[in-house]
Amino acid sequence: MDSLFAKADAIQPVRKKQKLSADFRKRNPPKSASSSLDRIVTSIAPHTSLPKSLRPTSPIPDNVSKHTHIKDLKLRTQLTRQAAHASRSKALLQDAELLLTGEAGQLQIENDMERTWRISQQEITTSVGQEAAKGRQEWKLDGGPYRSRYSKNGRHLALVGNMGHVATFDWQTGTMHAELQLQETCRDVTFLHDHSHFAVAQKKYVFIYDRDGVELHRLKFHLEPTRLEFLPYHWLLASVGNSGYLKYQDTSTGQLVVEHRTKLGACHTMAQNRHNAVIHLGHQNGVITLWTPNLPHPAVQLLAHVGPVKGLSIDPSSGGRYMATSGQDGTVKVWDCRNWKGAVREWVTRGGSAELEWSAKGSLAVATGGSVNVYTKPTIQTSLKAKANPPLYLTHPIPHRPLTSVRFCPFQDILTVGHSAGLSSILVPGSGEPDFDSSEADPFENKKARREREVKGLLDKIQHDMIALDPDFIGSLAPPTKLTTAVNDKNDTPFARLPRLEQKRKMRGKGKSLKRYLRKQRKNVIDPTAV
């Protein structure tokens, strides 16, 4: 015991490190890692280094703007540091993509005589793995036609029938969450931030239910809704109906954020651009409009078809650059959202109006008549003036008409088609994203992870005023002005190129007319000189 007490007294408080003189450092040089007796340090030290993001002396990339037009040295240094950090982050993101080992494999042909669209679903099911083959399912239900919607992580499925049958379940395990018989017309369904809440567009109002099917809210302001969309990063529920009003409801606070009068009558087609959260509407006169909450008028108005618009979808694989539309005239068009002068690709379908849906990897599903056709890029995004059908990738006949909805399952090669007799899920190899980000959407998350993600989503919620066509304008720097003021009079600018107010100030003479003119100009005017 005496030895233990003696050892306990050896613990002393940490002392400050004393500065050593130059002579002492020369006489006692520090021992290198190779000369130390610690084998662990000797084996690890030569093979370890700090990550690139933590190295303070990492070189600044070449493409960083220097902001030389800003006179404030402190502000210029801060902006240059931010631009360098953003450029380094992009480079590190490209390096991180090397860890994504999963590949979305498509159907391959052995010779030029074979065609991928001739391969049936039975052949695909027998050749893929046992776990992937579970995606080929048939749900025969009464009360159709049906529409479906997947949750963000692709694990849960919600379906709604026109006669009032609503159900949500885990399609992988077959666990039923809720099943309702509402005994009235239901037009659409969507999940909210996760599978614990879902909204149903019923005959007169929009209703919100929890996971067990208990009615939580009745949104009386959303009259006769036809389509629903949920913006996950803004926590906004958007609806459009027979009254022609587009309404945004904040699901975190319960407030009706804004409502827009489209002035184009009843609307039955709506989709969202996941890249910039802009709502796309297709109207009965063939016009497509793009809406944001902060504009009372459409940001873009486009005449796409001769008749009513029946299908609308935006490509998530290209960052929302391409949009596909289908009309009752039987045409399918692919548009470039950066240039609205004309359609990139156009072709005519056999069965009339069609339902459209883009997958995460850029595959376009077109459900028309009694079959579902799948097209892949880059053929559907290649400009072609002729109205020729692009090469077909996959096809599957479905005898139950009409085909009312098509939905791709996130992170799976599964396409779910809603029709009058229920739902049909087919396998589309190469259509799903093989790699998922667990912080965004995790198919294997538990109860604790779901709660943490919900709290983090509320903390990182984006305000609805920040929705715009160009999502990169926030945080960017305004371009340098070309006008000259009294602040930068040191520049040798010719007198004729100065603004009119500057010319008046530089003119000789101090007459009453000049003073009266300058007094009127100074009223309610804030310029750099006054500041």
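Residues numbered from 1 in each chain as written. Predicted model: local features only at pLDDT ≥ 70, side-chain atom pairs only at ≥ 80, totals over all residues. Heavy atoms only, no water.

**Here's the deal with the pairing of strand S17 (residues 300-303)**
Test applied: The classification of residues rests on relative accessible area computed with a 1.4 Å probe and restricted to protein chains. Under 20% of the type maximum is buried, over 50% is exposed, and intermediate values are partly exposed. Only DSSP runs of H or I covering at least 4 residues are called helices, and only runs of E covering at least 2 are called strands; the numbering of each starts at the N terminus. Pairing between strands is defined by DSSP: at least two bridges between them are needed.
Here S17 shows a clear split, with Val 300 and Leu 302 buried on one side and none of Gln 301 and Leu 303 buried on the other. Sheet analysis places strand S16 (residues 287-291) next to S17, joined by four bridges and oriented antiparallel. Its bridge partner lying in S17, Ile 288 is registered against Leu 302.

**Digging into the pattern of salt bridges**
Rules: Salt bridges are defined by distance alone: a side-chain nitrogen of Lys or Arg within 4 Å of a carboxyl oxygen of Asp or Glu.
Scanning all chains against the criterion turns up 17 salt bridges. The closest approach of N and O atoms between Asp 188 and Arg 147, which form a salt bridge, is 3.7 Å. Placement of the pair is Asp 188 in strand S6 (residues 188-191) and Arg 147 in strand S2 (residues 146-150), with a sequence separation of 41 residues. The class for Asp 188 is buried, based on a relative accessible area of 1%. Judged by its relative accessible area of 11%, Arg 147 is buried. Put simply, Arg 450 and Glu 454 hold a salt bridge, and the shortest N to O gap is 3.9 Å.

**Focus on the sheet that holds strand S22 (residues 354-358)**
The line we're drawing: Under this scheme, a helix contributes an axis fitted over its contacting stretch, all axes are lines through C-alpha atoms, and angles between N-to-C directions fall in the 0 to 180 degree range.
Strand order across the open sheet formed by four strands is S22-S23-S24-S25, with antiparallel pairing between neighbours. Each having just a single partner strand, S22 and strand S25 (394-397) make up the two edges of the open sheet. Averaged over all neighbouring strand pairs, the angle between strand axes comes to 15 degrees, with direction disregarded. In terms of strand pairing, strand S23 (residues 364-368) meets strand S24 (residues 371-375) through five bridges, oriented antiparallel. Counted as the bridge partner of Ala 365 is Val 374 from S24.

**Looking at a positive patch on the surface**
So the rule is basically this: Only residues above 30% relative accessible area that lack a salt bridge enter a patch, with like-charged residues linked at up to 9 Å and the nonpolar side chains Val, Leu, Ile, Met, Phe, Trp and Tyr linked at up to 5 Å. The accessible surface values rely on the Shrake-Rupley method and a 1.4 Å probe; as for residues, cover is taken only from the protein chains in view. Positive residues here are Lys and Arg, negative ones are Asp and Glu, while His and the chain termini are left out of the count. Charge placement uses NZ in Lys and CZ in Arg. For Asp and Glu, CG and CD serve respectively.
Taken together, Lys 515, Arg 516, Arg 519 and Lys 520 make up a surface patch of like positive charges. Here Lys 515 shows up in helix H9 (residues 512-522).

**Re the nonpolar core**
Applied cut-off: For our purposes a nonpolar core is just a set of buried Ala, Val, Leu, Ile, Met, Phe, Trp, Tyr and Cys residues, chained together by side-chain atoms within 4.5 Å. Residue contacts are counted whenever heavy atoms from the two residues lie within 4.5 Å of one another.
Residues Leu 415 and Val 428 are the most contacted members of the largest nonpolar core, which totals 28 residues. Every element with two or more residues in this core is listed here: S2, strand S3 (156-161), strand S4 (165-170), S23, S24, strand S26 (405-408), strand S27 (414-419) and strand S28 (422-427). Excluding its chain neighbours within four sequence positions, the residues that come into contact with Leu 415 are Ala 365, Val 372, Val 374, Val 406, Arg 407, Phe 408, Ser 424, Ser 425, Ile 426 and Val 428. Grouped together as the second largest cluster of nonpolar side chains are 27 residues, Ala 238, Ala 277, Val 278 and Ile 467 included.

**Focus: the sheet that holds S17**
Paired through backbone hydrogen bonds, the strands of a sheet run either parallel or antiparallel to each other. The strand order across the open sheet built from four strands is S14-S15-S16-S17, with neighbouring strands paired in antiparallel fashion. Across the chains shown, the open sheet's two edge strands, defined by having one partner strand only, are strand S14 (267-272) and S17. The mean inter-strand angle of the sheet, taken between neighbouring strand axes irrespective of direction, is 20 degrees.

**As for unusual backbone geometry**
Trans is the common state for peptide bonds, and a negative phi is the common state for residues other than glycine. Cis peptide bonds are those with omega within 30 degrees of zero, and the linkage from Gly 144 to Pro 145 qualifies with 0 degrees. For the bond from Lys 377 to Pro 378, the omega torsion is 10 degrees, close enough to zero to count as cis. Relative to the assigned elements, Pro 378 resides in the loop between S24 and S25. Backbone geometry at Gln 183 places phi at a positive 60 degrees, although glycine is not the residue there. Topologically, Gln 183 is positioned in the loop between strand S5 (175-181) and S6. Using a relative accessible area of 66% as the deciding quantity, one classes Gln 183 as exposed.

**Quick word on the environment of Tyr 375**
Topologically, Tyr 375 is positioned in strand S24. What makes Tyr 375 buried here is its relative accessible area of 5%. C-alpha of Tyr 375 to C-alpha of Asn 389: the two residues are 14 residues apart in sequence and 9.7 Å apart in space. Apart from the residues within four sequence positions on either side, Tyr 375 is in contact with Trp 347, Gly 362, Ser 363, Leu 364, Val 366, Ile 380, Pro 390, Pro 391, Leu 392 and Tyr 393.

**Points about the confidence of the model for the protein**
Inclusion rule: What pLDDT reports is the predictor's confidence in each residue, on a scale of 0 through 100.
This prediction gives the protein a mean pLDDT of 84; 80% of its residues lie at or above 70. Per-residue pLDDT stays below 50 along residues 32-36; that stretch engages in three contacts with residues further than four places along the chain or on separate chains.

**A look at the side chain of Glu 357**
Summarising the element assignment, Glu 357 is placed in strand S22. Apart from the residues within four sequence positions on either side, Glu 357 is in contact with Arg 274, Ser 313, Ser 363, Leu 364, Ala 365, Val 406, Arg 407 and Phe 408.

**Focus on the packing of aromatic side chains**
Heads up, the condition is: Only the six-membered ring of Trp is used, alongside the rings of Phe and Tyr, when aromatic pairs are assigned; centres must lie within 6.5 Å, and planes under 30 degrees apart are stacked while those over 60 apart are edge-to-face, with the rest tilted. Whether a charge sits over a ring comes down to the Lys NZ or Arg CZ being within 6 Å of the ring centre and within 35 degrees of the ring normal.
Per the stated rule, a full pass over the model turns up six aromatic pairs. An aromatic cluster is defined as three or more aromatic residues linked by ring pairs; in this entry it consists of Phe 198, Phe 207 and Tyr 209. The aromatic ring of Tyr 245 is capped on one face by Lys 247, whose charged end is 5.8 Å from the ring centroid.

**Overview of the pairing of S6**
Neither face of S6 is open: one carries Asp 188 and Thr 190, the other Val 189 and Phe 191, and all of them are buried. In terms of strand pairing, S6 meets strand S7 (residues 197-201) through four bridges, oriented antiparallel. Paired with Phe 191 across the strands is Phe 198, a residue of S7. Where S6 folds back on S7, the antiparallel hairpin that results is connected by five residues.

**With respect to the environment of Gly 330**
Residue position: Gly 330 is located in the loop between strand S19 (322-327) and strand S20 (331-336). The exposure class of Gly 330 is buried, given its relative accessible area of 3%. Residues Gly 330 and Val 348 lie 18 residues apart in sequence; the distance between their C-alpha atoms is 5.7 Å. Once you skip the residues sitting within four places of it in the chain, Gly 330 turns out to touch Trp 347, Val 348, Thr 349 and Gly 352.

**Some remarks on a nonpolar patch on the surface**
On the surface, a nonpolar cluster with roughly 420 Å² of combined accessible area is contributed by Tyr 233, Ile 462, Met 466, Phe 473 and Ile 474. Among the structural elements, Ile 474 can be located in the loop between helix H7 (447-459) and helix H8 (500-506).

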